[in-house]
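Examination of the molecular architecture
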Amino acid sequence: MKRLFLLALPLALAGCPSSHPASSATAKADASNSATPATTPATPAGSANPALKPMNPNVQYSFHAVGPIQAVNVLPKQHWALATATDAKGQRIDALFARADKPLTLNFTASTLSVDNACNMLHTSFKLSGATIVATDFASTMKACAEPKLAGLDQAASKRLTGELGLRIADGGNPMLELTNKAGDVLVFAGNQTAETKYGGPGERVFMEISPDAKPCASDSKVLCAQMREIHYDGKGLKVGTPGPFVEFSTPIEGFAVRPGVRSVLRVNRFPLKTAGQDGSKFAYVLDMVVEVEVVKQTGSASPMAEAAKPQQ
């Protein structure tokens, strides 16, 4: 008996109804940027980023204004997680903290801003003018959110991040971003390196299939190791070639944990390492998208309810 879970992919940011977990029917996924399997929809892995570092309450941050050139060099290199938010009266803006375990997170390119961990995916464009960001109205997916607090998070975020925003940065090992809007709301975000920043450049995009049948590791038979193989797709997102056999894979995939009894197809960014990892790997692997998840009956002896097998975050 198999249970197949297909995960939704936001195909557009405005006027597009949200996708929900579907039945076993297949659907085409977004094939932009690189070929994405056309057999199943998928979800971005923004919420699966490595743990975000909170603002350190014991550190006194020294913010300073930055111009457009410095801002373009700094903003895209970090995931910016909301640490504090106060209104003009100094009161905490509770509406922005509806998800205590997943803080609102800003991601920049040179001209666009997206917001993760709201109810929907939020996206806008912006221009830099002096020490300010001028953001246009946000576009959004159209997912319905049952929880009232979560349902109001999109509006609370877009309201405070639209228009002219004063921009200041606090440098350091853990940089901070401060945005102040015309209403006097002050939002402070803690920076966390993107994978491209951490590993010194863009990664190679690859697809990996994870077997549901985790097996004892060659190095330690008391520990289960994931069994994986690389798969390939053409420019239209159709699978090509014949995958090789599953092989033991003990290198962690950042943002993903393998479970026995669950087959997964992942889109992963692979980064070359200057120094080999502890397991001897020459690469670091970072989850970009979960393409497919399927709960199956295992062929091995391990229980699907067993503790997650390696690799783990």
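Refer to the structure printed above.
Being a predicted model, the structure only gives us computed values, none of them experimental.

A word on helix α3 (residues 153-161)
Count 3.6 residues to each turn of an α-helix, and residues three or four apart come out pointing the same way. For α3, the buried fraction is high: seven of the nine residues fall into the buried class. Three or more residues of α3 are buried, namely Leu153, Asp154, Ala156, Ala157, Ser158, Arg160 and Leu161. A positive backbone phi angle near 95° is found at Gly163, which sits one or two residues after α3.

Describing the pattern of salt bridges
Under the criterion given, the structure shown has 13 salt bridges. Across the pair Arg270 and Glu204 runs a salt bridge whose closest N-O atoms are separated by 2.9 Å. With Arg270 in strand β19 (residues 262-272) and Glu204 in strand β13 (residues 204-210), the pair connects residues that are 66 residues apart, well separated along the chain. Residue class for Arg270 comes out buried when judged on its relative accessible area of 14%. Of the charged contacts, one joins Arg229 and Glu209 as a salt bridge, the two residues approaching to 3.0 Å between their closest N and O atoms. Taken together, the positions of Arg229 in strand β15 (residues 224-233) and Glu209 in strand β13 put the pair 20 residues apart, joining distant regions of the chain. Of the residues examined, Arg229 reaches a relative accessible area of 22% and is grouped as partly exposed.

Side note on unusual backbone geometry
Phi is positive for Asn117, close to 70°, though the residue is something other than glycine. Locating Asn117 in the fold gives a position in the loop between β6 (112-116) and β7 (122-129).

Quick notes on the state of the cysteines
Evaluation of the coordinates by the stated rule reveals two disulfides. The disulfide bridge from Cys119 ends at Cys145, spanning 1.1 Å between sulfur atoms. Remark: Cys145 occurs in the loop between β9 (139-140) and α2 (148-151) and Cys119 occurs in the loop between β6 and β7; sequence separation between them is 26 residues. Summarising the burial analysis for this pair, Cys119 and Cys145 share the class buried. Here Cys217 is linked by a disulfide to Cys225, with a sulfur-sulfur distance of 2.0 Å. Its torsion about the S-S bond being 100°, the disulfide of Cys217 and Cys225 is classed as right-handed. Take Cys217: its relative accessible area is 3%, and that puts it in the buried class. Among the cysteines of the chain that take part in disulfides, numbered as they appear in the sequence, the pairing is 1-2, 3-4.

Calculation rules
- Residues numbered from 1 in each chain as written.
- Predicted model: local features only at pLDDT ≥ 70, side-chain atom pairs only at ≥ 80, totals over all residues.
- Heavy atoms only, no water.
- Buried < 20%, exposed > 50% of the residue type's maximum accessible area, 1.4 Å probe, protein only.
- Helix = DSSP H or I, 4+ residues; strand = E, 2+ residues; numbered from the N terminus.
- Salt bridge = Lys/Arg side-chain N within 4 Å of Asp/Glu carboxyl O.
- Disulfide = S-S within 2.5 Å.

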